[in-house]
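Listed below, chain by chain, are the residues.
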Amino acid sequence: MYPPAVDRYERIPYARCGRSGLQLPRISLGLWQNFGGISPLENAREMVLKSFDHGITHFDLANNYGPPPGSAEENFGRILAADLRAHRDELVISTKAGYLMWPGPYGEWGSRKYLLASLDQSLQRMGLDYVDIFYSHRYDPLTPLEETLGALDTAVRSGRALYVGISSYGPEKTREAAAILRELKTPFIIHQPSYSMLNRWVEGGLLDVLAQEGIGCIAFSPLAQGLLTTKYLGGIPVESRAALDGSFRKGMITERNLASVRALNGIAQQRGQTLAQMAVAWVLRKPAITSALIGASRWQQIEECLGALGNLQFSGEELQRIDQHALEGGLNIWAGSSQHG
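First, a word on scope: everything that follows refers to the structure included in this document. This structure is a prediction, so every number in the text was calculated from the model and none was measured.

**Points about the pairing of strand β7 (residues 161-167)**
Within β7, 6 of the 7 residues are buried, which leaves it mostly tucked inside the rest of the structure. When strand β6 (residues 131-136) meets β7, the two strands line up parallel, connected through 5 bridges. Along β7, the bridge assignment pairs Y135 with G165. Read as a crossover between parallel neighbours, the route from β6 over helix α4 (residues 145-157) to β7 is right-handed. Two strands pair when backbone bridges link them, and β7 and strand β8 (residues 188-192) are joined in this way by 4 bridges, in the parallel orientation. Looking at the pairing, G165 lines up with I190 of β8. Considered for its hand, the β-α-β crossover made up of β7, helix α5 (residues 171-184) and β8 is right-handed.

**Observations regarding the environment of A81**
Inspection of the secondary structure puts A81 in helix α2 (residues 71-84). Assessed through its relative accessible area of 43%, A81 is described here as partly exposed.

**Some details on the sheet that holds strand β10 (residues 289-294)**
If you trace the 8 strands once around the closed barrel, you get β3-β4-β5-β6-β7-β8-β9-β10, paired in parallel fashion. Neighbour-to-neighbour, the strand axes of the sheet open up by a mean angle of 30°, direction not taken into account. Packed on one face of the sheet, helix α9 (residues 275-284) meets β3 (27-30), β9 (216-220) and β10 and runs near 150° to β10.

**So, the packing of aromatic side chains**
Where two aromatic rings form a pair, the distance of their centres and the angle of their planes describe that pair. In this structure the tally under the stated criterion is 7 aromatic pairs. With 4.7 Å between their ring centres and 85° between their planes, F220 and W334 make a pair best called edge-to-face. Of the two residues, F220 is situated in strand β9 and W334 in the loop between α11 (316-325) and α12 (335-338); the sequence distance between them amounts to 114 residues. Here the two residues F220 and W334 agree in accessibility, since each one is buried. Taken together, the ring pairs in this structure connect W32, F220 and W334 into an aromatic cluster.

**So, the environment of A44**
The topology assignment puts A44 in helix α1 (residues 41-53). Note: C-alpha distance between A44 and N75 (31 residues apart in sequence) is 8.1 Å. Leave out the neighbours within four places in its chain, and A44 touches N34, F35 and I79.

**What about helix α3 (residues 112-126)?**
Because each turn of an α-helix spans 3.6 residues, side chains separated by three or four positions in sequence point in the same direction. Helix length check: α3, at 15 residues, gives a terminal C-alpha distance of 21 Å against a target of 21 Å (1.5 Å per residue), a fit within 8%. Every buried residue of α3 is accounted for by Y114, L115, L116, S118, L119, S122, L123, R125 and M126. Packed against the buried residues of α3 are α2, β5 (92-97), β6 and α4. At the C-terminal side of α3, G127 shows a positive phi close to 70°.

**Concerning the pattern of salt bridges**
Per the counting criterion, the structure on display carries 19 salt bridges. Between R182 and E213 there is a salt bridge whose closest N-O contact spans 2.2 Å. Of this pair, R182 sits in helix α5 while E213 sits in helix α6 (residues 206-213), and the two are 31 residues apart along the sequence. Residue R182 is classed as partly exposed on the basis of its relative accessible area, which comes to 49%. R200 is the salt-bridge partner of D323, the closest N and O atoms lying 3.0 Å from each other. Placement of D323 in helix α11 and of R200 in the loop between β8 and α6 is noted, with a sequence separation of 123 residues between them.

**What about α9?**
Of all 10 residues making up α9, 10 are buried, and the element is well covered by its neighbours. Listing the buried residues of α9 in full gives L275, A276, Q277, M278, A279, V280, A281, W282, V283 and L284. In this structure, the buried side of α9 is in contact with β3, β9, α8 (255-271), β10, α10 (299-306) and α11.

**Notes on the packing of α1 against α2**
At a minimum axis separation of 10 Å, α1 and α2 run at an interaxial angle of 60°. Classified by the interaxial angle, the pair formed by α1 and α2 is oblique. Judged by the sense of rotation from one axis to the other, the crossing of α1 with α2 is right-handed. Two secondary-structure elements touch here, α1 through L41, A44, R45, V48, L49 and F52 and α2 through N75, F76, R78, I79, D83 and L84.

**Focus on the state of the cysteines**
One pass over the structure, following the stated rule, counts 0 disulfides. Residue C217 stays outside any disulfide, its sulfur separated by 8.8 Å from that of C17, the closest cysteine. Note on C217: relative accessible area 0%, which makes it buried. Take C305: it sits in no disulfide, and the sulfur closest to it among the cysteines is that of C217, at 17 Å.

Cut-off values and rules
Residues numbered from 1 in each chain as written. Predicted model: local features only at pLDDT ≥ 70, side-chain atom pairs only at ≥ 80, totals over all residues. Heavy atoms only, no water. Buried < 20%, exposed > 50% of the residue type's maximum accessible area, 1.4 Å probe, protein only. Helix = DSSP H or I, 4+ residues; strand = E, 2+ residues; numbered from the N terminus. Pairing = 2+ DSSP bridges. Right-handed = clockwise from strand over helix to strand, strands pointing away. Axes fitted to C-alpha atoms, helices over the stretch in contact; angles between N-to-C directions. Contact = heavy atoms within 4.5 Å. Phe/Tyr/Trp six-rings, centres within 6.5 Å; stacked < 30°, edge-to-face > 60°. Expected span 1.5 Å × (residues − 1). Salt bridge = Lys/Arg side-chain N within 4 Å of Asp/Glu carboxyl O. Parallel < 35°, antiparallel > 145°, perpendicular 65-115°, else oblique. Left-handed = near helix turned anticlockwise from the far one by under 90°. Disulfide = S-S within 2.5 Å.

See the structure below:
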């Protein structure tokens, strides 16, 4: 077992998740990319352990994270068993189900059969008795919302999850979900939407609903899958996500988006921050945002993002200038889920 830094809880601020008793670090680590079976385990281990050394207690996964699907949970389970088992009660571990995980009609979406089977598989892969948060990863228009949310309720009542959440649901479906789960007395404490300076859909009503309902918000992809860094200012690097043309497609790197990134980078420099640091700070400026969920391919990127916490304040003039360039960039590849309401 590795010895974690003794001052880890002095290195990062925490925020209460909605009206719940759960506090999350203001920056959390997502294992969507670079933690799966095709990535070096030792690099993943370094990122997880150094994050914990710096007070990042929340690690976010999903059944299909990899590649291949499931392998991020398997690798995280290995790190837990080897290094963090003694610190399980200091960790917030979340997973999700909703996207395609196995063939056939029971391998995706929001049925009770799929969600609970997926959760059992996730627990087995990670070597856990329970997760702290279990999410419906996307809204399923063909399954009654009561069925999807009833499965989340069962996850809690059976001891397989402590809290539940939803991801990429629109404002009205979020309000409906809150009403159903309130009736069931299920601890629905968090919503996980995409949100960045180039993807601002949550400002169109969702954040208001979350504030009214007392539900926390953890914003994923605050760096727009790396576009809100200096990585693409000189072109598309060979090993970047855009070069691989997967979840982040080359077509997203438009001249308009690059012009926005260049202008925002100039504002960040004037603030004494990197663009990535300003992007994280900008997301955290909203009172409804509990935590920014970042991804990384190496520890130095996480360390850079942690530097955002040194300057979270924006003047009115700075926000006005940012608004001139923080324009929708066609980056919300999860919009299909939220457009149902």
